[in-house]
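Inside the fold
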Amino acid sequence: MSCLFLTGQNNTDVSKIKLHTHDTIFVAGTLQNLDFSTSYAFTPLLYISNSYGTTFIEPNRIQKFLFYKIPNNISNKRGQLNWALVHNKKKLLTGKIEIISDTIVKKVETYVGPPSIEAGGRDFSMSVMIPTDTLDNPVMDNSKVIFKKQFLTREDSIQLKIKNLFCYRKIYSPKKTGRFLISSACYNKQSTEHTLYVWASLPTDFTISAHSNHMYADGNQINTITTSTIKDAYGNIVSDGTAVELVVKDKTGNILSANGNTINGVAIAKLVHPDHAQSWNIKAYVYGMAESKPIIVNFEQAIKDYEIVFSEHNREITIGPLKSFMHQMIPDGLRIELDIKKEDRTHKYMVHTSKDGYATFYLDPENYKNETYDFKIEAAGITKIFKNKRVW
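Residues numbered from 1 in each chain as written. Predicted model: local features only at pLDDT ≥ 70, side-chain atom pairs only at ≥ 80, totals over all residues. Heavy atoms only, no water.

A closer look at a nonpolar patch on the surface
Under the convention used in this document: Each patch is built from salt-bridge-free residues with over 30% relative accessible area, joining like charges within 9 Å and nonpolar side chains (Val, Leu, Ile, Met, Phe, Trp, Tyr) within 5 Å. Here the Shrake-Rupley method, with its probe set to 1.4 Å, supplies the accessible areas, and only the displayed protein chains count as covering residues. Salt bridge, as used here, is a side-chain nitrogen of Lys or Arg placed within 4 Å of a carboxyl oxygen of Asp or Glu. The helix and strand labels rest on DSSP assignments: H or I over at least four residues marks a helix, E over at least two residues marks a strand, and numbering proceeds from the N terminus.
On the surface, Leu165, Phe166 and Tyr168 cluster together into a nonpolar patch covering about 280 Å² of accessible area. If you trace the backbone, Leu165 turns up in the loop between β14 (154-161) and β15 (167-172).

Structure (structure tokens):
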């Protein structure tokens, strides 16, 4: 509670000016006027100041009585109000009034952030509560706020007190994933419900496995790589969408990669079989956090051999039939490379894909004159070379 201080200045007899408003504490919105009486003929201005600004007020004078109407934008705001009667730029009287908030709470403003935290007990969020009255003033210090939270099957509540306009509560993460429901109340006024999510912590190492209908290198079958259920150190399944990258290194040192995202903790990636006998070393990573042990996947040669026929003056080269492990025609799309050289330097490089078990190259007379060439054909990891082949 603040007191009223009256001081006289500049030889003015303060006994001739009397304040008729005796209260020094007002609930926000209830201070209407400051009333004075004076035997002086002059009419002083009322200077008022609070944390929102300052202003001068002219009175309504009725005989010896002065009525100063306090604007709503000042009387509605909680805080200390300083006033002074001023005449000819000189203060005649000064005083202080304390405006307090109402005990009727209109709403409990609640803020929760961050909206999600990591399981394990180290991460936390914070709920900040600001109960306000009907004029949007924060309630007084030491006002009681009941803070409640619910997680899985457990409910907790604690009593807090307003200090410096607000109160707060830290919410530390449990070891299990789930969500908190958070609410608060002040003077029986409830806040809205807020949600705080607890996600899994960093993933731990996991395993991978490979699955395919067969292990022949036909360049067509799909090999599916599946992770085990990826969890954190507390047994929580990692969040859906966690990125997992597969790195595949073959026996010649080439590196392949594929990506997958977890659903219910499991990530799946698919790789096409190689077109020739091969051995893959496969390892999976959640980069910067976890990895799998490597696995080895071996592919058996599907095509053992194939025929090559030169026709049309050796300008048409037919490769096939290309037969797979059950002597069936290889599925369409097998890559076949033709390297043509003349005088030990590359003259032309051509690539076709198989169709119905065959592939055909044609040497256009515009590009290939009637001369002698060396041919190298590679398909399914099998290379065949023909030296000094004449084309006419």
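This is not the end of the story, as more comes after the structure.
Points about the pattern of salt bridges
Where charged atoms from two side chains of opposite charge come close, those side chains can pair. Under the convention used in this document: To sort residues, take the accessible area from a 1.4 Å probe on protein chains only and compare it with the maximum for the residue type: under 20% means buried, over 50% means exposed, and anything in between is partly exposed.
Per the stated rule, a full pass over the model turns up 7 salt bridges. Taking the shortest distance from any N to any O, the salt bridge between Glu109 and Lys107 comes out at 3.6 Å. Between Arg154 and Asp156 there is a salt bridge; the shortest N-O distance is 3.2 Å. When its relative accessible area of 57% is taken as the criterion, Arg154 is described as exposed. The partly exposed category is assigned to Asp156, whose relative accessible area is 25%.

Description of the environment of Gly95
Within the element layout of this structure, Gly95 appears in strand β9 (residues 90-100). Among the residues examined, Gly95 registers a relative accessible area of 5% and is labelled buried. With 118 residues separating them in the primary sequence, Gly95 and Asn213 have C-alpha atoms 92 Å apart.

Some words on the nonpolar core
Put simply, the rule reads: We call a set of buried Ala, Val, Leu, Ile, Met, Phe, Trp, Tyr and Cys residues a nonpolar core when their side-chain atoms join them within 4.5 Å. We call two residues in contact when some of their heavy atoms are within 4.5 Å.
Counting residues in hydrophobic clusters, the biggest one holds 24 residues, and the most contacted among them are Tyr306, Ile317, Ile319 and Phe375. Residue assignment for this core shows that the elements contributing at least two residues are β28 (308-311), β29 (316-319), β30 (335-342), β32 (359-362) and β33 (372-379). Here Tyr306 is in contact with Ile319, Pro321, Leu322, Ile377, Glu378, Ala379, Ile382, Thr383 and Lys384, once residues within four sequence places are set aside. In terms of nonpolar packing, the next biggest core, distinct from the first, is built from 22 residues, Leu31, Leu34, Tyr40 and Leu92 among them.

Structural notes on unusual backbone geometry
Most peptide bonds take the trans form, and the phi angle of most residues other than glycine is negative. Backbone torsion omega between Gly113 and Pro114 reads -5 degrees, so that peptide bond is classified as cis. For the bond running from Gly320 to Pro321, omega is 5 degrees, close enough to zero to count as cis. Mapped onto the elements of the fold, Pro321 is located in the loop between β29 and β30. Positive phi values are uncommon outside glycine, yet Asn188 reaches one of about 70 degrees. Assignment of secondary structure puts Asn188 in the loop between β16 (178-186) and β17 (189-190). You can call Asn188 exposed: its relative accessible area is 76%. Of note, Asn264 is a non-glycine position whose phi angle comes to about 55 degrees, a positive value. Mapped onto the secondary structure, Asn264 falls in the loop between β23 (255-261) and β24 (268-272).

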